[in-house]
Structures are given as structure tokens and as C-alpha cells.
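Structural features, examined
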Amino acid sequence: MRKFTPYLILATALLALAIDLLPNLSLPAGGTAGGTRLIETKLGLDLRGGLRVEYQVQPVDGVSATAADLATIRDIIERRVNSTGVSEPLVQTQGTDRIVVELPGVTNPDSIRALLGTTGRLDLVPLPREVYGFFNTATGQPTDGVKPVPNEGETLNDTTLKALFSGDQIESSAVQIDESGRRVVSFKLKSEGSELFATWTKANIGSYFAIVLDGAVKSSPYIQSAITGGEAQISGPGASGFAPEEATNLVTILKFGSLPFPIAEIGVTDVKATLGASFLGQALFAGAVGILLVFLFMLLHYRLAGAVANVALVFYVIIVLAIFRLVPVTLTLAGIAGFVLSIGMAVDANILIFERTKEELRIGKGIVPAVEAGFSRAWNSILDSNVSSLITAFILFYFGSSTIKGFALVLIIGVLCSLFTAVTVTRLILRSVIARKRFSSPYLYGVAKGDLDALDRGAING
């Protein structure tokens with residue numbers, strides 16, 4: 001396996017470089033929702049600007065939202081638009097009834113409005129057989145004396161119908177492809193909803209029930225058998241089921257719950273970049289200068305070993321940037337800070353390895369055993385340091401706001417990649433270098449001339 005490792009690393013570097021530099025690359029949008037998305041570097045509000053949508057929270061039956069209700073609505077909206085933790089929206093409350101949402105680099109504001117402006121109240125409403133009967137398969141019409149089963153998109157106006165349970169009984173939701181190849185939305189019920197649904201379906205095989213979202217019928221499935229497992233599917237219209245975007249939005253709404261109060265859009269404006277293109281140029285220049293200084297330090301202090309570390313660091317930067325574009329990670333000032341911090345940690349791992357190697361060389365070991373001992377002795381320290389950083393980053397990602405999540409995600413990606421490059425890439429290159437006799441002098445690996453003279457005197461005295 002070891003002989004194939006160099007080729008694997010080279011192939012990974014070339015693929016990452018292509019992702020970093022080639023324009024108009026795309027990949028599947030993810031899951032079973034279908035479609036593709038362009039691979040690109042996404043910038044946050046502070047560097048690129050975006051869309052600002054302002055909502056007003058509407059009262060229900062004369063009761064206005066409290067400050068706690070407003071905070072709940074803000075949290076739900078933020079989870080809806082930032083389910084991956086990487087888009088870094090800015091969602092905040094204003095006054096007693098306003099929610100302001102700012103989204104970086106939005107290209108389709110209508111889809112965002114549809115997602116944010118929906119209360120997401122889901123009801124499962126039984127349709128009794130004596131009121132909603134069967135269609136005559138020959139004529140395509142309902143049988144005499146009954147109402148037609150409501151179609152997808154119709155408003156359910158029958159006030160005599162009561163919901164069996166609402167969306168708060170939904171435990172999880174996902175887009176799936178069923179056995180016939182249709183795109184459906186599946187959901188799993190909590191224990192109370194599952195029991196209610198099982199009891200009702202057992203007693204009403206051959207009936208219909210309506211899946212109603214915000215008063216509009218999404219589907220009217222026919223009960224063919226008792227549903228006792230608490231898992232069900234919403235089938236979309238047509239031969240292919242739901243459209244990809246419609247299915248994804250429905251899953252997001254179901255997954256992150258209903259808004260306790262309805263909201264109404266009262267204004268949409270474009271947001272200018274708070275820092276702008278000039279700042280981005282300055283930040284990139286400062287980052288380039290910082291990396292160059294790191295390169296110089298490694299070369300001057302560790303010589304040939306430092307040059308190897310610099311090659312590994314270039315590999316690290318290429319890989320991390322490619323991952324940022326693939327995820328994609330929205331880069332803000334906080335994200336750039338996380339990236340710079342991860343570069344410092346990547347260099348730190350190499351420094352630990354090289355210092356351990358120098359200690360081995362100072363006691364008279366040959367270059368090959370010294371390098372191998374350097375890696376093995378430094379590994380525990382490197383692992384402890386990186387695991388500690390990862391634990392902190394995961395805590396920030398789980399509990400932090402959207403901006404903190406972005407910083408934490410960048411740091412997690414950086415730490416994992418630095419662990420790989422410092423241990424695997426640097427070791428691979430060093431092994432190929434030390435195999436050549438002309439690169440066996442300890443001086444090339446940072447050992448000072450005074451230490452070399454002491455080693456020579458020790459050899460002569462011995």
C-alpha cells in the first residue's frame with residue numbers, strides 16, 4: 001500500500017488544483033433532490049453583500065408575539081436558511097415585531113422568500129368516507145353523494161374537519177426516491193403521533209386523509225393498510241413526484257418546525273458589502289505576506305526540512321481551498337481568521353516533528369532513524385493538540401451563532417487537513433529525501449554547527 005501513497009497524494013493534489021482554478025465546474029446538488037450547483041468560492045455579507053428581507057410578525061386572534069416568541073421565530077428562521085452551518089446568514093430581531101434576514105450572495109430571492117415566509121404548519125386531517133368517497137375509476141368522477149377528494153394545492157375549507165395531529169409530532173424528514181422512481185418526502189412520527197396514526201389507519205382502511213401545509217393540501221393519500229411503524233411519505237404530483245426545490249423546501253420546513261406566529265414580508269433590499277472588494281484584496285495580500293514569512297522562517301531555521309514542510313504547506317492550502325469550494329463554505333472575515341489560524345497549526349505540527357528529529361540527531365543517531373523517531377515521538381503531542389482544537393471547534397459549531405459556526409467549520413476543516421499533511425505528506429517527502437546520501441548531513445535538518453562539532457569531537461574521543 002505504501003508504494004501507491006505518492007501517486008494517491010499527487011492525484012489528490014491535481015484534483016484539488018483543478019477544483020481551485022477551473023471555472024464552470026459543477027457537481028450534484030446533493031441527496032436525491034437532483035440538479036447541479038456551480039463550484040465556486042462563496043463570500044459573506046461583509047465581503048460580497050447580498051439580500052436583506054424584513055418581516056413583521058403578525059398577531060394571532062388579537063394576541064401579539066412576546067419577546068420570547070420573537071427569539072423563537074428568529075432561531076427557527078436561522079436554522080432553516082443555515083441548515084448546513086455554512087451560509088452564514090445574519091438573522092436578528094428589531095423592535096417588538098420585526099425580523100431582519102440578511103443573506104450573502106443570494107441569486108434566487110424568490111425561493112428564499114418562499115422558504116422564510118412560510119409558517120410551516122402541517123396538519124394531518126382525516127377525510128371521512130361518508131363525506132369524501134371513492135372515485136369511479138371508469139368515469140374519473142366521485143361516486144354519487146360525496147365530495148371529491150381535494151387535489152394538491154387546493155385550500156381545505158371544510159370547517160367540520162379536525163386534524164388528527166400537527167407537525168409538532170414529526171421527528172424527522174428527508175427527501176427520498178420511492179420504488180417507482182418518484183421523488184417523495186418521507187417523515188417519521190414521534191410516539192404520540194405514531195400511536196394516533198396507527199389507531200386511525202387501522203380503523204379507516206380504504207379512506208383518504210389530507211396532508212395540509214399552511215391550509216393548502218399537499219397530498220391526499222389513500223389508506224391501503226394500517227401504518228403502524230410511525231413512518232410515512234408525502235407523494236408529490238405527476239409521474240416524477242415533487243420538484244427538487246419544492247421537496248427540499250418542504251423537508252426544511254418540516255425539519256425545523258412551525259413558526260409560532262405568521263410573518264409578513266414588508267421590505268426587500270440589496271445589501272452592500274460592509275467591507276468591500278478593497279478589504280478583500282488587503283486581506284489576501286496580508287495573508288500572502290504572512291505565509292511568505294512562515295516559509296522564510298521554516299527555510300532559515302530548518303533548512304532542507306523546512307523546504308519539505310513548505311511543500312507540504314502548499315499542498316495543505318490547495319486541499320483546504322478545494323474543500324471550501326466543494327462544501328461550499330461562505331468565507332467572511334471570521335472564516336479567513338480561522339483559515340489563517342489553521343495554517344499556523346499546520347506549521348506547528350511540523351515544528352514539533354523537526355525539533356524531535358534534531359534531538360535525535362544531537363545524540364548521534366543517523367538521519368534515517370532520527371527522522372523516524374522524530375515523527376513517532378512528536379505524534380502524541382500533535383494528536384493531543386489537534387484533538388483539543390477539534391473539541392473546541394465542535395463546541396463552537398454546535399452552540400455558536402451563524403458567524404461563529406462559519407469560523408468553527410473552517411477551523412475543523414483546517415485542523416483535519418493539517419493533521420494529514422504534517423504526518424503523511426511531510427513524512428512521505430522526507431523519506432524520499434533522506435534515502436539520498438547527499439542529503440544525510442544533520443546540518444540540512446536544522447542542527448547547528450556547534451552541535452555538529454560536539455558530535456565530531458565525541459566521535460574522535462570515542
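Residues numbered from 1 in each chain as written. Predicted model: local features only at pLDDT ≥ 70, side-chain atom pairs only at ≥ 80, totals over all residues. Heavy atoms only, no water.

A few words on the packing of helix α8 (residues 304-326) against helix α9 (residues 333-362). The interhelical angle for the contact between α8 and α9, taken along N-to-C directions, is 150°, at an axis separation of 11 Å. One element, α8, and the other, α9, form an angle in the roughly antiparallel class. Judged by the twist between their axes, the crossing of α8 over α9 is right-handed. Contact with α8, carried on its side by Ala-305, Gly-306, Ala-309, Leu-313, Tyr-316, Val-317, Val-320, Leu-321 and Phe-324, involves Phe-339, Ser-342, Ile-343, Ala-346, Val-347, Asn-350 and Phe-354 of α9 and no other residues of that element. (Axes fitted to C-alpha atoms, helices over the stretch in contact; angles between N-to-C directions. Helix = DSSP H or I, 4+ residues; strand = E, 2+ residues; numbered from the N terminus. Parallel < 35°, antiparallel > 145°, perpendicular 65-115°, else oblique. Left-handed = near helix turned anticlockwise from the far one by under 90°. Contact = heavy atoms within 4.5 Å.)

Attention now goes to the environment of Phe-394. In this fold, Phe-394 is placed in helix α10 (residues 367-399). According to the relative accessible area criterion, Phe-394 is partly exposed, its value standing at 47%. Each C-alpha atom of the pair Phe-394 and Lys-405 lies 8.9 Å from the other, and the pair is 11 residues apart in sequence. (Buried < 20%, exposed > 50% of the residue type's maximum accessible area, 1.4 Å probe, protein only.)

Sheet strands line up and pair through hydrogen bonds in the backbone, either parallel or antiparallel. Strands sit in the order β5-β6-β4-β16 across an open sheet of 4 strands; the sheet is antiparallel. Looking at strand neighbours, the two that pair on one side only are β5 (90-94) and β16 (263-271), the edges of this open sheet. The sheet shows a mean angle of 20° between the axes of neighbouring strands, direction not considered. Of the strand pairs in this sheet, strand β4 (residues 50-57) and β16 are connected by 8 bridges, and their pairing is antiparallel. Bridging across to β16, Leu-51 finds its partner in Asp-270. The strands touched by helix α3 (residues 67-81) are β4, β5, β6 (98-104) and β16; relative to β6, the strand with the most contacts, the crossing angle is about 20°. (Pairing = 2+ DSSP bridges.)

Moving on, we get to the sheet that holds strand β11 (residues 170-177). The strand order across the open sheet formed by 3 strands is β11-β12-β15, and the pairing between neighbours is antiparallel. At either end of the open sheet lies a strand with only one pairing partner, and these are β11 and β15 (231-235). Sheet twist, expressed as the mean angle between neighbouring strand axes with direction ignored, is 25°. Two strands pair when backbone bridges link them, and β11 and strand β12 (residues 183-189) are joined in this way by 7 bridges, in the antiparallel orientation.

Enumeration according to the criterion identifies 12 salt bridges in this entry. Two residues, Arg-52 and Glu-102, come together in a salt bridge whose shortest N-O distance is 3.4 Å. Here the residue Arg-52 occupies a position in strand β4, and Glu-102 occupies one in strand β6, the gap between them amounting to 50 residues. The partner of Arg-98 in a salt bridge is Glu-54, and the shortest N-O contact between them spans 3.0 Å. Of this pair, Arg-98 sits in strand β6 while Glu-54 sits in strand β4, placing them 44 residues apart in sequence. (Salt bridge = Lys/Arg side-chain N within 4 Å of Asp/Glu carboxyl O.)

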